[in-house]
Every structure is written in structure tokens, then in C-alpha cells.
Amino acid sequence: MSHRVQLSAALAGALLLLAQPSAAQDSVKVMQARTYDGQFRPIQQTSGGVGMRGSQRIFGQVRIVFRESTDRSRVTLMINTSLNQTEILNWSANPGRCGSGTPAFMPIAQFPGIEMGTNGRGEIDVQEMQLVIPPGSGNVHVNVYRGGTGLENVIACSNLKLVEEKKKK
């Protein structure tokens, strides 16, 4: 009889272990992917002289994808401008909407520069960047800067939309 009790207890324990998900399955379930997408639009800039305001011909797109379980993001950014010289433009991801003047999520110096070619095109594809946009941040935008990193140096901006938020199973 004691042999049957031990066997029954062993079977019950084995069934209990099989019924519980593994730690690896649990970690996959809590991972949440978020994707922010946006299109760049030119920002009207003042010239050094009196009167005229103008904007450059600028278009492009930006996408930021990250998982909640890490502090890493994938960033792809492409921008076309009427600039015809090689230079490096700065950029940043910021809370709020374009023109709000809010500080970036991290120091601008930590964002990799956009290398512009003589054809006016620049792009970056950073597979793993330490950029975190906290959940529930509300509006988010990306600024592109030329000649400095102040609000007056923004040549293009993109209001990002949260386009995907899903849990992996």
C-alpha cells in the first residue's frame, strides 16, 4: 500500500510540474513590443536677415521599435533634404509634440549622428540603441538639428504615432 501512495504522489507531482509553464515561457509572455512611426516635415526657419522665413524641402520617416523587457531599441531613420553637402545632423527623441521644446529622453550627444551625403540623403539603422520611451509617455516626437542642438536649430520634426503594441505568446 505504501508503494501505491508513493507512486500516486509521484504522479501527482509530475502532473503538477507539467501543468505549470516554464520560466522561459513566462518571460516571453511578459515581453511587449512597441513601435513608434512618423513622417518628417520641415520646420519653418528664420533667416539672419529681416523679413523672409523659409523652409527647406525635407521629407523622410522614422521608426523606433523596442521591447519592454530590455533597455534596447531599434531605430531606423531616413531623411531627404535640399542640402547638397556632406555633414552630420543631430537628432533626438522627445516627449510631447513637435515644437514643444521638451528635453530629449536622453542627452542628444548619445544619439548617433545622421551622415548626410552630397545628394541630400541621410539614414541610420541602429539595431540596438539604449533608448527607452517609458510606457504611457503620451505624445512623442523626433527632432533633426542642423548647426546646433537648440530648438532654433531644428530643421525637421516628426510627431510619432504608437502603431503597434502587442504581447508575444
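The model shown is predicted, which means the values in this text are computed figures rather than measured ones.

1. A short note on the overall build of the protein
Scanning the protein for helices and strands turns up two helices and eleven strands. Written out in order from the N terminus, the α and β elements of the protein read α-α-β-β-β-β-β-β-β-β-β-β-β. For the protein, buried positions account for 32% of its 169 residues. Of the contacts formed within the protein by residues at least 6 apart in sequence, a portion of 68% connects residues at least 24 apart. If you sum the accessible surface of the protein, you get close to 10,400 Å²; carbon and sulfur atoms cover 53% of it.

2. Quick look at the side chain of Glu 87
Position of Glu 87 relative to the elements: it lies in strand β7 (residues 87-95). Here the side chain of Glu 87 touches Gln 85 through a polar contact of 3.2 Å, side chain to side chain. A polar side-chain atom of Glu 87 sits 3.1 Å from a polar atom in the side chain of Arg 146. Beyond its immediate stretch of four places on either side in the chain, Glu 87 contacts Ile 114, Glu 115, Met 116 and Arg 146.

3. A look at the state of the cysteines
All chains considered together, the criterion is met by one disulfide. Across the disulfide, Cys 98 is cross-linked to Cys 157 (sulfur-sulfur distance 1.9 Å). When the S-S torsion is -95°, as for the bridge of Cys 98 with Cys 157, the disulfide is left-handed. Of this pair, Cys 98 sits in the loop between β7 and β8 (114-116) while Cys 157 sits in strand β11 (residues 154-167); the two residues are 59 residues apart in sequence, bridging distant segments of the chain.

4. So, the environment of Gly 117
Tracing the chain through its elements places Gly 117 in the loop between β8 and β9 (121-129). A relative accessible area of 19% places Gly 117 in the buried class. Sequence spacing of Gly 117 and Ile 88 is 29 residues, and the spatial spacing of their C-alpha atoms is 9.0 Å. Aside from chain neighbours lying at most four places away, what touches Gly 117 is Leu 83, Gln 85 and Thr 86.

5. Quick word on the confidence of the model for the protein
Across the protein, the average pLDDT comes to 79, with 69% of residues at or above 70. Low pLDDT, under 50, characterises residues 9-30; the stretch is placed with five contacts to residues that sit more than four places away or in other chains. Within the model, pLDDT remains below 50 along residues 46-53, and this stretch shows four contacts once partners closer than five positions in the same chain are excluded.

6. Thoughts on the pairing of β7
Within a regular strand, side chains alternate between the sheet's two faces. Relative to β8, β7 is paired through three bridges, and the arrangement is antiparallel. Residue pairing for β8: Leu 89 is matched across the bridge by Ile 114. Alignment of β7 against strand β10 (residues 140-145), held across six bridges, turns out to be antiparallel. What sits directly across from Pro 95, in β10, is Val 140.

7. Digging into the pattern of salt bridges
Side-chain pairs of opposite charge can arise whenever the charged atoms involved come near each other. Applying the stated rule across the entire model yields four salt bridges. Among the ionic pairs, Arg 74 bridges to Asp 125, the shortest N-O distance being 3.0 Å. Of the two residues, Arg 74 is situated in strand β6 (residues 73-80) and Asp 125 in strand β9; the sequence distance between them amounts to 51 residues. For Arg 74, a relative accessible area of 35% puts it in the partly exposed group. Residue classification places Asp 125 among the partly exposed positions, given a relative accessible area of 44%. Here Arg 146 and Glu 87 are joined by a salt bridge, their closest N and O atoms 3.1 Å apart. One end of the pair, Arg 146, is in the loop between β10 and β11; the other, Glu 87, is in strand β7, with 59 residues separating them in the sequence.

Parameters at a glance
- Residues numbered from 1 in each chain as written.
- Predicted model: local features only at pLDDT ≥ 70, side-chain atom pairs only at ≥ 80, totals over all residues.
- Heavy atoms only, no water.
- Helix = DSSP H or I, 4+ residues; strand = E, 2+ residues; numbered from the N terminus.
- Buried < 20%, exposed > 50% of the residue type's maximum accessible area, 1.4 Å probe, protein only.
- Contact = heavy atoms within 4.5 Å.
- Areas by Shrake-Rupley, 256 points an atom, 1.4 Å probe, with all protein chains shown as cover.
- Polar contact = N/O pair within 3.5 Å; in protein donor to acceptor, adjacent residues only side chain to side chain.
- Disulfide = S-S within 2.5 Å.
- pLDDT = per-residue confidence, 0-100.
- Pairing = 2+ DSSP bridges.
- Salt bridge = Lys/Arg side-chain N within 4 Å of Asp/Glu carboxyl O.

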